[in-house]
Amino acid sequence: MQADKTLELSFEIGHSLHRASQLTDDLFAAAMAGVDITARQLTVLEIIAQSQGPSQMDICEIAGIDRSTIADMVMRLIKKGYVLRERSRIDARRYELDLTHEGLRILELARPIARKVEAQVVSAVSSDCIGPFRDGLTSIVSVSRFGTL
């Protein structure tokens, strides 16, 4: 197949979003070389930091990540020493998550790197399109989050 041939994909937007996500994750992983955290784990740490004792289900709803993936991810973050999981004082059926000192340190280390990666990715979009691009992505995510897509 010729390298310059353009293929028409039936789900071009979905494919492009997926590829952009993969690129972002790859750039983040390269930028965080030597630090034991993925972009999705950073998202979980950020949600925990900005919430007051969120449960795994809270994180599922906010991040749009399925329950089994969150359960695995939280266990990995606990094993790394980044997250604590404790029974809720209000509801004994619920576990609340909190950052450890090490989790907070990793979060503080990773935030500026994540911002640089985002700036690198968004640099491919013209400056007058960045706002509408971000708004469009936010609209897609918020609509799909409520199951109306």
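Definitions and cut-offs
- Residues numbered from 1 in each chain as written.
- Predicted model: local features only at pLDDT ≥ 70, side-chain atom pairs only at ≥ 80, totals over all residues.
- Heavy atoms only, no water.
- Phe/Tyr/Trp six-rings, centres within 6.5 Å; stacked < 30°, edge-to-face > 60°.
- Lys NZ or Arg CZ within 6 Å of the ring centre and 35° of its normal.
- Axes fitted to C-alpha atoms, helices over the stretch in contact; angles between N-to-C directions.
- Helix = DSSP H or I, 4+ residues; strand = E, 2+ residues; numbered from the N terminus.
- Parallel < 35°, antiparallel > 145°, perpendicular 65-115°, else oblique.
- Left-handed = near helix turned anticlockwise from the far one by under 90°.
- Contact = heavy atoms within 4.5 Å.
- Nonpolar A, V, L, I, M, F, W, Y, C, P; charged D, E, K, R; others polar.

## Looking at the packing of aromatic side chains
Step number 1: Considering all chains together, one arrives at zero aromatic pairs under this definition.
Step number 2: Across the ring face of Tyr95, the terminal group of Arg85 is positioned such that the distance to the ring centre comes to 4.3 Å.

## Brief notes about the packing of helix H3 (residues 56–63) against helix H4 (residues 67–79)
Step number 1: Packing of H3 against H4 leaves a shortest axis separation of 9 Å and a crossing angle of 120 degrees. When the axis of H3 is compared with that of H4, the two are oblique. For the pair H3 and H4, the sense of crossing is right-handed. Each of Gln56, Met57, Ile59 and Cys60 in H3 lies in contact with H4, whose residues at this interface are Arg67, Ile70, Ala71 and Val74.
Step number 2: Split into classes, the residues belonging to the contact of H3 with H4 amount to six nonpolar, one polar and one charged.

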